[in-house]
Amino acid sequence: AVSEKGNKLDSIFVSVENKDAAKDVDAALARMLNSLAEEAEKAGSTIIVHLVVDSDDMDNSITGRRRLSEENTNQGSRNLENENDDNGGSSYEIPGYYDENNNFITNYKTIFQIQYYNVCLWTAIGLFVVLVSANVMTMNMPLMPDTLLFGESAKMVAE
């Protein structure tokens, strides 16, 4: 991992099938990280370790992570469950119904619909303000004779 010639990139892939093998891999990984730390200290350099753990088991108490089950990956038409079902099992259901084409219908607006409404509303208000101000400025324009229209050059052309 530590190279005298410069930077070096190494990668390791480990597939673990059961918990006993996982314990062995964890111990080997700890030994490898300790040896990398010692080598980096001796060489006076820095080693960056990027560790990715991907687990397919659904036992979240071991991994300490949450994962969405397949039934919760559907659109907002499903129940949104709390993280802790042990504390009463409260859940929130999005109110709505399915129509004859199996589309979920609800009265609540999506964020896209809210944004589109706001853009249209404020554009219309801005254009209305511009229209009113242009009309007010035109009506309050001072009345004075136009020098180009009624000036000496216009009299010369008319004769």
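Note that the coordinates shown come from a computational prediction; the quantities given were computed from them, not determined experimentally.

This paragraph deals with the overall build of the chain. Within the chain, the secondary structure is distributed over five helices and four strands. Starting at the N terminus and walking to the C terminus, you meet the elements of the chain as α-α-β-β-β-β-α-α-α. When the 159 residues of the chain are sorted by exposure, 3% land in the buried category. Taking all contacts inside the chain whose residues are at least 6 apart in sequence as the whole, residues at least 24 apart take part in 17%. A total accessible area of about 15,100 Å² is found for the chain, and carbon and sulfur atoms account for 56% of it.

End to end, helix H1 (residues 19-43) covers 36 Å across 25 residues, agreeing with the expected 36 Å (1.5 Å per residue, within 8%). For H1, the side-chain oxygen to backbone nitrogen distance between the N-cap and Asp 20 is 3.4 Å, and the N-cap itself is Asn 18. Immediately downstream of H1, the backbone of Gly 44 shows phi near 70°, a positive value.

What follows concerns a nonpolar patch on the surface. A contiguous nonpolar surface patch, about 1,000 Å² in accessible area, is contributed by Tyr 117, Leu 121, Trp 122, Ile 125, Phe 128, Val 129, Leu 131, Val 132, Val 136 and Met 139. Relative to the assigned elements, Val 132 resides in helix H3 (residues 111-139).

Summed over all chains, the structure comprises two aromatic pairs. Plain terms: the ring middles of Tyr 98 and Phe 104 are 5.3 Å apart, the flat faces sit at 65° to each other, and that makes the pair edge-to-face. With a relative accessible area of 37%, Tyr 98 lands in the partly exposed category. With centroids separated by 6.4 Å and ring planes inclined at 20°, the aromatic side chains of Phe 112 and Tyr 116 adopt a geometry described as stacked. Residue Phe 112 and its partner Tyr 116 are located together in helix H3, separated by four residues, close to a single helical turn. Taking relative accessible area as the criterion, Phe 112 reaches 59% and is therefore assigned exposed.

Turning next to unusual backbone geometry. Although it is not a glycine, Asn 102 sits at a positive phi angle of roughly 65°. Judged by its relative accessible area of 59%, Asn 102 falls in the exposed class.

Looking now at the environment of Leu 36. Within the fold, Leu 36 resides in helix H1. Given the relative accessible area of 13%, Leu 36 is considered buried. Along the backbone, Leu 36 and Thr 46 are ten residues apart, and their C-alpha atoms lie at a distance of 9.6 Å.

Conventions and cut-offs
Residues numbered from 1 in each chain as written. Predicted model: local features only at pLDDT ≥ 70, side-chain atom pairs only at ≥ 80, totals over all residues. Heavy atoms only, no water. Helix = DSSP H or I, 4+ residues; strand = E, 2+ residues; numbered from the N terminus. Buried < 20%, exposed > 50% of the residue type's maximum accessible area, 1.4 Å probe, protein only. Contact = heavy atoms within 4.5 Å. Areas by Shrake-Rupley, 256 points an atom, 1.4 Å probe, with all protein chains shown as cover. Expected span 1.5 Å × (residues − 1). Polar contact = N/O pair within 3.5 Å; in protein donor to acceptor, adjacent residues only side chain to side chain. Patch = residues over 30% accessible without salt bridge, like charges linked within 9 Å, V, L, I, M, F, W, Y side chains within 5 Å. Salt bridge = Lys/Arg side-chain N within 4 Å of Asp/Glu carboxyl O. Phe/Tyr/Trp six-rings, centres within 6.5 Å; stacked < 30°, edge-to-face > 60°.

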